[in-house]
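Observations on the three-dimensional arrangement
Single-letter residue listing:
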Amino acid sequence: MSNTIPLLEPDPYTVALDEVAALDTQIARLSAVRAKRVTEAQRHLHRQAPVDTSTAGPQWSTARVERVELLTELALLTRRTEHRTAVLVDTSTALVDRLPATLAAVAAGAVSWEHAEVIAKHADGLQGEALSLYDTRLAVLATEVNPKQLEKKARHEVELAQPTTAVERAEKAAGTRRIYIDPAADGMACLTLFAPAPEIHAIADRAVHLAAGLKTSGDPRSMGHLKVDVLTDLMLNGEPSIPGATRGIRGKVHVMVPAMTLLGIDEEAAILRGYGPIDPATAAQLTAEATSWRRILTDPITGRILATDPRDYRPTAQMIDHARLVHPECVFPGCTVPAEQADMDHTEDHAYGGDTIPENLAPLSQAHHKVKHHTRWEFVRNGDDTLTATSPAGHVYVIRPEGRMKPAPRQLIKAAAAAAAASAATTTEEDNLDDCPF
């Protein structure tokens, strides 16, 4: 009599998730084909050399006529807005003409079209070897993060690719600052303030603190509504006029500036918390006007931020600040909520023996904090500031620290080790002389 082992039926939930991922892979592959076709259409139109058909007024160049014809044609044909059509055309031509590694990754289904849009946008201005390195690096990074996270990494890679032009690019970008209004339904509208990142983050920080003060005083409105209301109040009245609002609050930003950059020895970008790399001139201005400084020690080999705070039952302010420096955003995969607006979570639950130490603390947004405790999501710390998150379906994600400086150059480490060895040898000789009887 033979024994048979029953086959387990696959979990339908996991099967459905896998099918969604497989469809996304197919969509990416088709997106690569579409990019080639869009570029072909553009080239065919270019060969036709369309010209301005008007008989009066300023004449359009052939290039402008060509672009407008292509965008309007595609927009109507595909039922897109002209803005989204422009993004489609620009991304397509960038992939086909300048970003072969990214195009190959999209064609293989490893990178989505949304990721490709981010990579193409930030590639503007890069040339030669810098462009090639950027393309190769971003094609790999795009397989690990979502498009919003890739934005920050793309900016960082651009800084690495051409650090000497960071100031010029920042000045050029600042020249495009503007305010614009988009109408919305039901009597609402959107006001967009496009300005340098430090100012935007300081404005947001001020709104958070003003809203938090009102919330503490018992205001029944949600934090989201309060932030909108206090900013509206500030812009209309100059100072808060809402009863209970604290006056005189100013926005704050946190910038991590490598000492070697300040000394002019290195060109590593400074990091604006919640945004990413900023140019050296802006960093220098912010540090010159800083109201307070804090020295952060990092491991010269790995670049990790070192913890020096004592253990305690509850997280100290220093422990919380350390955790926010290591992970400036919520550690839930794909989340970009700033650490200052997130809860401080024990990765290994305190109720089950988790220690209250910097290495066991990580920011989780209020929503994802609940997800961690109310669902089958699991988080494990790996001992090197990375976390491993496992989804209920068994998918594994590694969360790497954003708060990490570039390791010290090998030559500097070797020189420091040699100096330490020489100092130790000198000390030993002096000790021997002290013990000599003559």
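Residues numbered from 1 in each chain as written. Predicted model: local features only at pLDDT ≥ 70, side-chain atom pairs only at ≥ 80, totals over all residues. Heavy atoms only, no water.

What follows concerns the overall build of the chain. Along its length, the chain carries 15 helices and ten strands. A total of 438 residues make up the chain; the buried ones form 33% of that total. Sequence separation of 24 or more characterises 52% of the internal contacts of the chain that already satisfy a separation of 6 or more. Roughly 27,200 Å² of accessible area belongs to the chain as shown, and the carbon and sulfur atoms make up 57% of that amount. (Helix = DSSP H or I, 4+ residues; strand = E, 2+ residues; numbered from the N terminus. Buried < 20%, exposed > 50% of the residue type's maximum accessible area, 1.4 Å probe, protein only. Contact = heavy atoms within 4.5 Å. Areas by Shrake-Rupley, 256 points an atom, 1.4 Å probe, with all protein chains shown as cover.)

Here the focus is the pattern of salt bridges. Side-chain pairs of opposite charge can arise whenever the charged atoms involved come near each other. Taken as a whole, this structure holds twelve salt bridges when the rule is applied. The partner of Lys372 in a salt bridge is Asp349, and the shortest N-O contact between them spans 3.1 Å. Placement of Lys372 in helix α14 (residues 366-374) and of Asp349 in the loop between β6 (343-346) and β7 (361-364) is noted, with a sequence separation of 23 residues between them. Salt bridges sharing common partners tie together Asp219, Arg221 and Asp229. (Salt bridge = Lys/Arg side-chain N within 4 Å of Asp/Glu carboxyl O.)

A few words on helix α7 (residues 147-161). An ideal rise of 1.5 Å per residue puts 21 Å on 15 residues; α7 measures up with 20 Å between its terminal C-alpha atoms. Looking only at α7, the buried set comprises Leu150, Glu151, Lys152, Ala154, Arg155, Glu157, Val158 and Glu159. One side-chain oxygen at the N-terminal end of α7 lies 3.1 Å from the backbone nitrogen of Lys148; it belongs to Asn146. (Expected span 1.5 Å × (residues − 1). Polar contact = N/O pair within 3.5 Å; in protein donor to acceptor, adjacent residues only side chain to side chain.)

Leu99, Ile119, Tyr134, Leu138 and Leu150 are the most contacted members of the largest nonpolar core, which totals 35 residues. Listed in part, the eleven residues of the second largest apolar core include Val331, Cys335, Ala362 and Phe379. (Core = buried A, V, L, I, M, F, W, Y, C linked by side-chain atoms within 4.5 Å.)

Let's shift gears to the side chain of Thr356. Here Thr356 is to be found in the loop between β6 and β7. Residue Thr356 is classed as buried on the basis of its relative accessible area of 5%. There is a polar contact of 3.0 Å between the side chain of Thr356 and the side chain of His346.

Turning our eyes to something else, we now look at the pairing of β7. Residues of β7 alternate between two faces, with Leu361 and Pro363 on one and Ala362 and Leu364 on the opposite face, all of them buried. As defined by bridge partners, β6 adjoins β7 across four bridges and the pair is classed as antiparallel. Each residue of the ladder has a partner; that of His346, found in β7, is Leu361. (Pairing = 2+ DSSP bridges.)

Right, let's get into the state of the cysteines. Inspection of every chain in the model, using the stated rule, returns zero disulfides. Of the cysteine sulfurs around Cys335, a residue in no disulfide, the closest is that of Cys330, at 3.6 Å. The exposure class assigned to Cys335 is buried, which follows from its relative accessible area of 8%. (Disulfide = S-S within 2.5 Å.)

Relative to the helices and strands, Arg400 is located in the loop between β10 (396-399) and α15 (410-434). The spatial distance from the C-alpha of Arg400 to the C-alpha of Asp384 is 9.0 Å, given a sequence separation of 16 residues.

Enumeration according to the criterion identifies four aromatic pairs in this entry. Each member of the aromatic cluster is reached from another via a ring pair, and the members are Phe332, Trp377, Phe379 and Tyr397. One cation-aromatic arrangement involves Arg34 over Trp113; the distance from NZ or CZ to the ring centre is 4.8 Å. Stacked on the ring of Phe194, the Lys or Arg Arg178 has its end atom at 4.7 Å from the ring centre. (Phe/Tyr/Trp six-rings, centres within 6.5 Å; stacked < 30°, edge-to-face > 60°. Lys NZ or Arg CZ within 6 Å of the ring centre and 35° of its normal.)

With a phi close to 50°, Ala49 is a non-glycine residue in the positive phi region. Mapping Ala49 onto the fold places it in the loop between α1 (12-48) and α2 (62-78).

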